[in-house]
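Residue strings, one per chain:
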Amino acid sequence: MKNKRRKIITLVTYLIFSFLFIANLYYNRYFGNYLSLTDMIMGQGIRPFRVLTRHLINWKLDPFFIFDIPILIYLTVKSKAETPILKKSEFSRKNLLKNNFILVLLIIILFFTQLIYSYSLFPADSLMELFNHSTPAFVNVYGIIPLYLAEYQELKHKSQRSREISNKDLEIDLRKVETEKELSSEAELDNIKNVIIIQLESLDAKLIDYKYNGQEVTPFLNKLKDKSKYFSDIYAHHINGSFDAEFSFFTSLYPINRNYTFRSNDMREFNTIVNVLRQDGYNTYAFHGNKEGFFYRDKGYLEMGFDRFYSREDFSVSEAVIGEDTYLGINDYDLFDQSIDYLDQAKEPFLSVFITVTSHTPFTFYPEEYKVKEFSDIETTIVRDYFNSMHFVDHSLEMFFKKIKANSMMEDTLFVIYSDHIADINREEYKSGDNFANNRNIKEPEQIPLFIYHQDIEPEVIKKSGTHTDIAPTILDIMGYQEKPEGFLGVSLLKEIENPLFFLHEIPQIIYKDQLFIRVPAGPEEESEFEKISYKKSTGDLNVELPEKEKERLNNTINYMQEVMNRFLSE
């Protein structure tokens, strides 16, 4: 029995390592990071089995990662309990011990050789110092299992470190990371009473004006584009989940990896556009079709000071027009339709934020009767469902705008519509991204649309690059504010100045003049190196270097955001 027990233990160990490898593989494909303990413990992301089978699994290659598992299980089950006793002449106990000793010694030599060589590439004073500086460098030196042990150690002592940090000044001065404070004041509108923000789920920039079989996927948004300031080169902050987009929008800051903001941080400590407008007499409301606790929005929105958060419990399926309700919540049509009554009752002026859900992956939450016949011959199911989902969301938006106009709220309302992230579809028939000539295993920046509409706004297509971080300063610019609020790191997209775009993944990325750079993993005491790895296909490969001051600002921004996030923790 000892021999069989040993085989079972070996098999179980192998299965655990296989599971960690496969989980990290799929998480990396979607987010571009390692799967963290934070995500396992705090995560509320919806990843049903259908998402794996339709969205993330590469059926041509991935089966090779697991084809051996059934064979190993079969051989373990069928193996005999005892190993046949060998004759002394065949294999003596002395030879066995000798061979085992050589094998163990070889393993130890290989392990420490790899460790010493990797450490020479990424030197650090301590294991945790390297972990906090760069997780990719940490994994290169110590491997994936020590990564989870180090993260556990960090989570265990996070509150204590937060108290220590809060008792001293930030090491990184805000002046080293912030951009210019002045806004442009060039597109100011005088008659803005209300502001409605709509964060759409998984809308690709590529889908705007996109046609299939002559049918537009988003006909209403295409028309709205021609009446709006449309920003065609905006990128999402999608590090941990959809809530990264909300955090970036509200605070004009950068989300960091392994951080569930609304759960981990005390949002009262951050300056937000909610605070700014409340101080100027605005009433603030949030609308979301899912349960209020999804992604800890109930906690985060309360701390940010919203006067009212309308969630799944505030909407009725029995009285709904469509009546579709899933584990993601009420559908977008009914969300917008029933929210009209709440807006009618709202005290003006108001800021209202809508978070939609129907077009969430795996894109099967739209009503069957709203399928578009022109899309029926799309062979790839996920592409067909995505187009149908976005067409339904577009229809829901059109209804919402018509009712807003019928209720006489259109004249003095500023509308801002953007996407939380792309759909991340990569099929021959349709690719969400593919905007960069990327031959590296690096997640491509996610290009999303941004519309700013008011009946008196001057329509134009603005090609300036930006991210979620820049949306709030742009809104305040249009509303007539002269300077950015304290702590906002974004810039108004109406200003001519072009700043590099930062994305604080585990391997930080920078877009500068349509060229994509990464910060190469290095030790804490080493000078950071930056490597250009790609470029935007529409622009081409330019002979462009990242300015030294921007390299320094990126390093300072990473350190600043880590300090801020570790300082403002929830109790």
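Position labels on residues start from 1 in each chain and follow its written sequence. For this predicted model, a pLDDT threshold of at least 70 governs which residues receive local features, and a threshold of 80 or more governs which side-chain atom pairs are given and counted, while totals over whole chains, interfaces and linings are taken from all residues. The side-chain quantities take in all heavy atoms of the structure and omit both hydrogens and water.

Student: I keep staring at the pairing of strand S4 (residues 229-235) and nothing clicks. Help me out?
Tutor: Side-chain positions along a regular strand alternate between the two faces of the sheet. For the exposure calls, accessible area comes from a 1.4 Å probe over protein chains only, and a residue counts as buried if that area is under 20% of its type's maximum, exposed if over 50%, partly exposed in between. Strands here are runs of E lasting at least two residues and helices are runs of H or I lasting at least four, both read from the DSSP assignment and numbered beginning at the N terminus. The element S4 is largely enclosed, with a buried count of six among its seven residues. In terms of strand pairing, S4 meets strand S11 (residues 447-453) through five bridges, oriented antiparallel. Each residue of the ladder has a partner; that of Ile-234, found in S11, is Ile-448. Only when DSSP finds a minimum of two bridges between them are two strands counted as paired. Looking at chain direction, S4 and strand S12 (residues 460-467) are connected through six bridges and run parallel. Of the residues in S12, the one forming a bridge with Lys-229 is Glu-460.

Student: When you look at helix H5 (residues 68-78) in this model, what are you seeing that I'm missing?
Tutor: For an α-helix, the turn length of 3.6 residues means that residues three or four places apart are oriented alike. Of the residues making up H5, those classed as buried are Asp-68, Ile-69 and Thr-76. When H5 is viewed along its axis, its buried side chains cluster within an angular range of 100° and face the same direction. Away from the buried face of H5 by more than 90 degrees, exposed residues Pro-70, Tyr-74, Val-77 and Lys-78 are located. Within this analysis, the arc is defined by the directions that extend from the helix axis to the C-beta atoms.

Student: Mind showing me how you'd approach the packing of helix H16 (residues 332-345) against helix H17 (residues 381-406) here?
Tutor: The relative placement of two packed helices is expressed as an angle between their axes plus a distance between the axes. Between H16 and H17, whose axes approach to 8 Å, the crossing angle comes to 15°. The angle between H16 and H17 places the two elements in the roughly parallel class. Both H16 and H17 take part in a crossing whose hand is right-handed. From H16, Asp-332, Tyr-333, Phe-336, Asp-337, Ile-340 and Leu-343 reach across to H17, where they touch Phe-392, Val-393, His-395, Ser-396, Leu-397, Met-399, Phe-400, Lys-403 and Ile-404. Taken together, the residues of the contact of H16 with H17 sort by class into 10 nonpolar, two polar and three charged. Note on geometry: axes are C-alpha line fits, over the in-contact stretch for helices, and angles between N-to-C directions span 0 to 180 degrees. Comment on the angle field: the value is read as roughly parallel under 35 degrees, roughly antiparallel over 145, roughly perpendicular from 65 to 115, and oblique elsewhere. By definition, turning the near helix anticlockwise from the far helix through less than a right angle yields a left-handed crossing, and turning it clockwise yields a right-handed one. Contact definition: two residues touch when any of their heavy atoms are within 4.5 Å. Gly is put with the polar residues, along with every residue not named as nonpolar or charged; the nonpolar set is Ala, Val, Leu, Ile, Met, Phe, Trp, Tyr, Cys and Pro, and the charged set is Asp, Glu, Lys and Arg.

Student: Please explain the packing of helix H8 (residues 135-142) against helix H9 (residues 144-156) as it appears in this structure.
Tutor: Direction vectors running N to C along H8 and H9 enclose 125°, while the axes themselves pass 7 Å from each other. Relative to H9, the element H8 lies oblique. In the packing of H8 onto H9, the handedness of the crossing is right-handed. Residue-level contacts link Thr-135, Phe-138, Val-139 and Tyr-142 of H8 to Ile-144, Pro-146, Leu-147 and Ala-150 of H9.

Student: So what exactly am I meant to see when it comes to a negative patch on the surface here?
Tutor: Where like charges cluster on the molecular surface, the negative patch consists of Asp-377, Glu-379, Glu-428 and Glu-429. One can find Glu-379 in the loop between strand S9 (350-355) and H17. On the accessibility criterion, Glu-379 (70% relative accessible area) is exposed. Residues with no salt bridge and a relative accessible area higher than 30% make up the patches, which join like charges within 9 Å and nonpolar side chains (Val, Leu, Ile, Met, Phe, Trp, Tyr) within 5 Å. Here the accessible surface of atoms and residues is derived via Shrake-Rupley with a 1.4 Å probe, and residues count as covered only by protein chains that are part of the display. For salt bridges, the criterion is a side-chain nitrogen of Lys or Arg within 4 Å of an Asp or Glu carboxyl oxygen. As used throughout, the charge tally considers Lys and Arg to be positive and Asp and Glu to be negative, leaving His and the chain termini uncounted. Where a charge lies is defined by one atom per residue type, namely NZ (Lys), CZ (Arg), CG (Asp) and CD (Glu).

Student: Hey, could you run me through the pattern of salt bridges in this one?
Tutor: Proximity of charged atoms lets side chains of opposite charge pair with each other. Using the criterion set out here, one finds 21 salt bridges in the structure. One salt bridge connects Arg-268 with Asp-266, and the closest N-O pair in it is separated by 2.9 Å. For Arg-268, a relative accessible area of 59% corresponds to the exposed category. One salt bridge in this structure joins Lys-443 and Glu-446, with 3.6 Å as the shortest N-O distance. Here the two residues Lys-443 and Glu-446 agree in accessibility, since each one is buried. The network of salt bridges with common partners includes Lys-193, Glu-348 and Asp-412.

Student: Explain H9 to me, please; I cannot follow it from the model alone.
Tutor: In this model, H9 (13 residues) spans 19 Å end to end at C-alpha, consistent with the 18 Å of a helix rising 1.5 Å per residue. Every buried residue of H9 is accounted for by Leu-147, Tyr-148, Ala-150, Glu-151 and Glu-154. Angularly, the buried residues of H9 cover 160° about the axis, an arc narrow enough to put them on a single face. Exposed residues pointing more than 90 degrees away from the buried face of H9 are listed as Leu-149, Tyr-152 and Lys-156. The span one expects for a helix is its residue count, reduced by one, times 1.5 Å.

Student: Looking at this structure, how should I read the environment of Leu-554?
Tutor: The residue Leu-554 is located in helix H19 (residues 548-567) in this model. The class of Leu-554 is buried, set by a relative accessible area of 0%. It is 8.4 Å that separates the C-alpha atoms of Leu-554 and Ile-510, two residues lying 44 residues apart in sequence. Look past the residues within four positions of Leu-554 in its chain and what remains in contact with it is Phe-502, Leu-504, Ile-510 and Phe-530.

Student: Sorry if this is basic, but what is going on with empty space enclosed by the protein here?
Tutor: The probe, sized like a water molecule, is rolled over the atoms to show the empty space still left. Lining residues are defined by having an atom within 4 Å of a point belonging to a cavity or pocket. Those points lie on a 1 Å grid over the protein atoms alone, cavities being sets where a 1.4 Å probe fits but cannot get out and pockets being open sets with protein on both sides within 12 Å along at least five of seven lines. Grid points are joined across faces, edges and corners, and a volume is the space filled by probe spheres set on the points. Counting across every chain of the model gives five cavities of 30 Å³ or more. Tyr-254, Asp-470, Asn-499, Pro-500 and Leu-501 are, among the 16 residues lining the largest cavity, the residues nearest its centre. Of all the elements in the fold, those that place two or more residues in the lining of the largest cavity are S12 and strand S13 (501-503). Here the element with the most residues in the lining of the largest cavity is S12; it accounts for three residues. Residues of the lining of the largest cavity, tallied by class, amount to seven nonpolar, six polar and three charged. Within this model, the second largest cavity holds a volume of roughly 100 Å³. Glu-201, Ser-242, His-288, Arg-297 and Thr-356 are the residues nearest the centre of the second largest cavity, which is lined by 16 residues in total. In the lining of the second largest cavity, the residues fall into six nonpolar, six polar and four charged.

Student: Quick question: what am I supposed to make of the sheet that holds strand S6 (residues 308-310) here?
Tutor: For sheets, the rule is that strands pair by backbone hydrogen bonds, running either parallel or antiparallel. Here eight strands make up an open sheet; going across it, the order is S6-S5-S9-S1-S10-S11-S4-S12 and the pairing mixed. Where the open sheet ends on each side, the last strands, each with one partner, are S6 and S12. Within the sheet, the average angular offset between the axes of one strand and its neighbour, ignoring direction, is 15°. Note: strand S1 (residues 194-200) against S9, five bridges, orientation parallel. Residue pairing in the sheet places Ile-196 in a bridge with Ser-352 of S9. Relative to S1, helix H12 (residues 243-251) is tilted by about 155°, and along the sheet it contacts S1, S9 and strand S10 (413-419). This element, helix H18 (residues 471-478), spans S1, S4, S10, S11 and S12 of the sheet and lies at about 165° to S10.

Limitation: the analysis is restricted to geometry and does not speak to function.
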